[in-house]
Amino acid sequence: MTFSILARDPETGAIGGAAATGSLCVGGWVLRGDLAAGMSASQGAAPSTLWGEDVLHMMRNGAGAEQAVDRVTSDDKGRDYRQLAALDLSGQTGAFTGASNEPEKGSLGFADGIVSGNMLTSTGVLDAMADRFLHTRGGFDHRLLSALHAAAQEGGDYRGLLSAALLVLHPGKPPLTLRIDYHPDDPIGALRDLHVRATTGSYAKWTDQVPTARDRQRTLD
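The structure displayed is predicted, hence computed values, not measured ones. (Residues numbered from 1 in each chain as written. Predicted model: local features only at pLDDT ≥ 70, side-chain atom pairs only at ≥ 80, totals over all residues. Heavy atoms only, no water.)

For the rest of this paragraph, the subject is helix H3 (residues 65–74). Along H3, the residues classified as buried are Ala65, Ala68, Val69, Val72 and Thr73. In a view along the axis of H3, the buried residues occupy a sector of 115°, so they form one face of it. Of the surrounding secondary structure, the elements contacted by the buried residues of H3 are helix H2 (49–60), strand E5 (83–88) and strand E6 (93–97). (Buried < 20%, exposed > 50% of the residue type's maximum accessible area, 1.4 Å probe, protein only. Helix = DSSP H or I, 4+ residues; strand = E, 2+ residues; numbered from the N terminus. Arc of directions from axis to C-beta. Contact = heavy atoms within 4.5 Å.)

A few words on the sheet that holds strand E9 (residues 163–170). Strand order across the open sheet formed by six strands is E7-E8-E1-E2-E9-E10, with antiparallel pairing between neighbours. Each edge of the open sheet is held by one strand with a lone partner, namely strand E7 (106–110) and strand E10 (173–180). On average, each strand axis in the sheet is inclined to that of its neighbour by 10°, with strand direction left out of account. Across seven bridges, the pairing between strand E2 (residues 14–21) and E9 is antiparallel. Residue Gly16 lies in a different strand from E9, and its bridge partner there is Val168. Packing against the sheet, helix H4 (residues 124–135) makes contact with strand E1 (2–9), E7 and strand E8 (113–117), and its axis sits at approximately 20° to E7. Contacts from helix H6 (residues 187–199) reach E1, E2, E9 and E10 within the one sheet, and its direction differs from that of E10 by about 150°. (Pairing = 2+ DSSP bridges. Axes fitted to C-alpha atoms, helices over the stretch in contact; angles between N-to-C directions.)

Now for the nonpolar core. Counting 31 residues, the largest nonpolar core has Phe3, Ile5, Phe133, Leu144, Leu148, Leu166 and Leu191 as the members making the most contacts within it. Going through the elements one at a time, E1, E2, H4, helix H5 (140–153), E9, E10 and H6 are the ones with two or more residues in this core. Sort the elements by how many residues they give to this core and H5 lands first, with six residues. For Leu148, the residues in contact, after removing those within four places along its chain, are Phe3, Ala18, Ala19, Ala20, Ala164, Ala165, Ile188 and Leu191. If you look at the next biggest cluster of nonpolar residues, it comprises 14 residues, including Ala19, Val26, Val30 and Leu87. (Core = buried A, V, L, I, M, F, W, Y, C linked by side-chain atoms within 4.5 Å.)

To continue, consider the environment of Pro174. Here Pro174 is to be found in strand E10. Sequence-wise, Pro174 and Phe3 are 171 residues apart; in three dimensions their C-alpha atoms are separated by 25 Å. Once residues lying within four places of it in the same chain are set aside, the contact partners of Pro174 are Thr207, Val210, Pro211, Thr212 and Arg218.

Encoded structure:
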């Protein structure tokens, strides 16, 4: 019921993901990340948040994305109703799509990223997401949001959209986790507006003083 993108910025070390769906609360259900492991997107007709956490645990302990996905998905009796994508810190990807998810469905890997979806109007949604991310100029956050917008323009979830989310982890910045859990008109537009508010002005200035993975004791200058 969802489309998502996971990506890595090799220049800054940032990793991130974005997702949207025709149901509620996509950010809480789908996106997981860990700067010591990578990113995951767990979705589908009966998504497993445990899959999303377990694949990160395996990558944190040395498994590549493809190997981690294979291990996590192999023994689950409900696997046919689930979908999982993973991105490790080397930029490699892995994916699984259960046969009982509604079409169109699938995943598409590209350099330092992967897009996935189900209940799509067409597989062109995946192509549009990947292409927009790869050919958009600007910051990493902007490229992820642009990819999400491109998917919606291509048709996205065939039921329409109700929620959207962005998760970006950067070694030198605090986590950026933004969620529009319900918006009946334009959740991606609302997410883009929230992103502007969260990355400019007094709020953005305040985040410059909180700890990060690179500076765990950072505070006021």
